[in-house]
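If you want the building blocks of each chain, they are given just below.
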Amino acid sequence: MPDIALTSLVFNAALLLVVVLVLDLATSQRQVESLQQKQLLTGAILGGIGISIMMAPLTLLPGLVFDVRSVLIAVSGLFFGAIPTAVAMVMTVAYRLTLGGVGAWAGVAVILASGLIGIAWRQWRRPPLDAIGWRELYGFGLVVHLVMVAMMLTLPREIARNALASIALPVLVIHPLLTVALGLLLSRRSAQQATVHALEESEARYHSLFDSSHAVMLIIDPDSRAIVAANPAASDFYGWTREQLQGMNLAQINTLSLPELDAAVMRVLGRQQRSFEVRHRLADGSIRDVEVFSAPIRVGDRHLLYSIVHDISERKRAETHLAESEARRGREQAAALETQHRARLAALNLMEDAVAARVRSEVAAAALRESEARFRSLSGMSSDFYWETDAEHRYTQRSADYDRNTATAFPWDAKIGKRPWEVPHVSPDEAGWQAHRAVLAAHRPFRDFELSRPHADGTVHHFLISADPVFDESGAFKGYRGVGTDITERKTAEARLRKLSLAVGQSPESIVITNVDAEIEYVNDSFVRATGYSREEAIGQNPRILQSGKTAPETYREMWAELSE
């Protein structure tokens, strides 16, 4: 009889595993709207499995049957919780009572005890269950089935003795092992679902960042140079639809030659270069100067390039205009040198230190040009960084190079969970923050908000911040996504220019600037005081107005020869 019991229970266990696998495959794609509906559906499925295995039991006596429903109900309590297990228990208890017989109430007690032990064990150990080991599952199964064997003592003495002699050993051997097998199956399924859920969340975050960004973004296949993906901002910038862009080759928009383009791709793949200034072609045939920031990324088993494109056409035009203006100014100054020297010689009887003033004015002008060149260089530099806040305006995410680009005395890890005005700052003042917080409270986008913070080296750095609000599918506000730029060097250059301009205007030496036609264009306050001419009287005049007639022509010739050396 024990051999028959062992064989029947092994068959029953195999049936349980097969039914669980079939039902898992059949229901894995079902979509359930609410958690409660999902729990009720899960309980109904578990109850159906329990009834199905109770249809193929080991029968010792009429009305005294044994099967593996205790394994199913116990594992259900452990992995699925109270509600699904309660549904399964109600269904299996009702079915067992319909079978009737001497063992009906003992069978009901086994079902209830198995489910309650599983639920209690779940509460004791707490999720997650995706890392549960076989040792714990075996101990759990042994406890459940020791209780099951003890439940046999509720039968009449002679029946209990025969039942224990027949099924105690097979139950204590087979059922704990079946508990381990079924538990590991569900544990691995739970781990797989957690992995899929994390992957879906990561993909959703990527699509949100990629599709919602105002920056032009492209994903390139480095082998074929095909455009794999383009965001809406790229479609707006280039003038092609996203579908058209995603069917194009990078060579169709990049004006570099194919060898130059291949060399640039290889430098990015080798992490030798991250940014390029190139020219891109738009759908209307126009050409734009762009700065491309690119880096390799891995998507599945593919190596791709992630590129962010900034339109710098206006900046390039401004730089070209400034360069042409400087060249023209240089030519004008060179042509005006002779006239300027003659004007200074004419004023020698009024300004004995004119030569020294000339030297100092040239030094000041050179410093001014150098400062202007430095400012133009600084204005072309970019140090963009990216950040995110939640609905309470607390920092949550940032770009990988955030700390390197900002280098504030308050690193990112200390900013997480804080609001911008809660981080140490120099400006704006409280009134400025109040105005900015009114914009945030209204969930409006903002541009070029100026912010000053202490730097890690003890100085103060200035930033321009721009951001847009983010809303979910239902229109609920989720937070802000924004970018910032360090403008500290630009601010410093502007301050220096202002100081130089003030120095020239307040110089104690008389300074006169003329054009190529020897007409006075500028005089400082010292000139007005020394000559008695007002600015309005001097501007447009020839420096000969300063001749007193008391200086011999030979003196002018000698002075000119000395200045010309």
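Before any of the text, the structure's been laid out above.
Residues numbered from 1 in each chain as written. Predicted model: local features only at pLDDT ≥ 70, side-chain atom pairs only at ≥ 80, totals over all residues. Heavy atoms only, no water.

Undergrad: Run through a nonpolar patch on the surface, naming residues and quoting values.
TA: Side chains of Trp134, Tyr138, Leu169, Val173 and Leu177 sit close together on the surface and give an oily, nonpolar patch of about 510 Å² of accessible area. Those elements that provide at least two residues to the nonpolar patch are helix H6 (134-151) and helix H7 (157-212). Per element, the largest residue contribution to the nonpolar patch is three residues, and it comes from H7. Mapped onto the elements, Val173 comes out in helix H7. On the basis of relative accessibility, which here comes to 39%, the residue Val173 falls in the partly exposed class. (Patch = residues over 30% accessible without salt bridge, like charges linked within 9 Å, V, L, I, M, F, W, Y side chains within 5 Å. Areas by Shrake-Rupley, 256 points an atom, 1.4 Å probe, with all protein chains shown as cover. Salt bridge = Lys/Arg side-chain N within 4 Å of Asp/Glu carboxyl O. Helix = DSSP H or I, 4+ residues; strand = E, 2+ residues; numbered from the N terminus. Buried < 20%, exposed > 50% of the residue type's maximum accessible area, 1.4 Å probe, protein only.)

Undergrad: Just give me the short version of the sheet that holds strand S3 (residues 216-220), but keep the residues and values in it.
TA: Within a sheet, neighbouring strands are paired by backbone hydrogen bonds and run either parallel or antiparallel to one another. In space, the five strands of this open sheet follow the order S4-S3-S7-S6-S5, with antiparallel pairing throughout. Bordering the open sheet on either side are strand S4 (227-230) and strand S5 (275-281), each of which pairs with just one other strand. Averaged over all neighbouring strand pairs, the angle between strand axes comes to 35 degrees, with direction disregarded. Sheet topology note: the S3/S4 ladder contains three bridges and is antiparallel. For Ile219, the partnering residue across the bridge sits in S4 and is Ala229. The strands that helix H10 (residues 258-269) touches are S5, strand S6 (287-299) and strand S7 (302-311); relative to S6, the one it contacts most, it runs at about 45 degrees. (Pairing = 2+ DSSP bridges. Axes fitted to C-alpha atoms, helices over the stretch in contact; angles between N-to-C directions. Contact = heavy atoms within 4.5 Å.)

Undergrad: How would you summarise the packing of helix H3 (residues 69-80) against helix H4 (residues 82-99) if you had to cite specific residues and measurements?
TA: Their axes nearest at 8 Å, the elements H3 and H4 cross at an angle of 160 degrees. In terms of their interaxial angle, H3 and H4 are classed as roughly antiparallel. In terms of crossing hand, the pair formed by H3 and H4 is left-handed. Counted together, Arg69, Ile73, Ser76, Gly77 and Phe80 of H3 and Ala82, Pro84, Thr85, Ala88, Met89, Thr92 and Arg96 of H4 form the full contact between these two elements. Residues belonging to the contact of H3 with H4 are distributed by class as follows: six nonpolar, four polar and two charged. (Parallel < 35°, antiparallel > 145°, perpendicular 65-115°, else oblique. Left-handed = near helix turned anticlockwise from the far one by under 90°. Nonpolar A, V, L, I, M, F, W, Y, C, P; charged D, E, K, R; others polar.)

Undergrad: If you had to explain the side chain of Asn231 to someone new, which residues and values would you point to?
TA: You can see Asn231 is positioned in the loop between S4 and helix H8 (232-238). Look at Asn231 and you get buried, because its relative accessible area is 0%. Here the side chain of Asn231 touches Ala215 through a polar contact of 2.9 Å, landing on its backbone oxygen. Ignoring any residue separated from it by four or fewer positions in sequence, one finds Asn231 in contact with Phe210, Asp211, Ser213, Ala215, Val216, Met217 and Arg242. (Polar contact = N/O pair within 3.5 Å; in protein donor to acceptor, adjacent residues only side chain to side chain.)

Undergrad: How would you summarise the nonpolar core if you had to cite specific residues and measurements?
TA: With 27 residues, the main nonpolar core has Val71, Val75, Leu78, Phe79, Ile132, Leu137 and Phe140 as its most contacted residues. Among the secondary structure elements, those contributing two or more residues to this core are helix H2 (35-54), H3, H4, helix H5 (104-125), H6 and H7. Counting residues per element, this core draws most heavily on H3, which supplies seven residues. With 25 residues, the next largest nonpolar core counts Val216, Ile220, Ile253 and Phe276 among its residues. (Core = buried A, V, L, I, M, F, W, Y, C linked by side-chain atoms within 4.5 Å.)

Undergrad: Could you give an account of the pattern of salt bridges, naming the residues involved and the relevant values?
TA: If you walk through the whole model with that rule in mind, you get 17 salt bridges. We note a salt bridge from Glu314 to Arg317, for which the minimum N-O separation is 2.3 Å. Residue Glu314 and its partner Arg317 are both found in helix H11 (residues 313-346); the two are separated by three residues, about one turn of the helix. Classification of Glu314 as exposed rests on a relative accessible area of 56%. Through salt bridges with shared partners, a single ionic network connects Glu277, Glu291, Arg315, Lys316 and Glu319.

Undergrad: Hey, could you go over the pairing of S3 for me, with residue numbers and the actual values?
TA: Burial within S3 is extensive, with five of its five residues counted as buried. Across the two faces of S3 the burial is the same, with Val216, Leu218 and Ile220 and Met217 and Ile219 all buried. As paired elements, S3 and S7 share five bridges and run antiparallel to each other. Opposite Ile219, over in S7, you have Tyr306 as the bridge partner. Between S3 and the antiparallel strand that follows it, S4, lie six residues; Arg225 among them carries a positive phi value of about 65 degrees.

Read these as layout, nothing more, since geometry by itself doesn't imply function.
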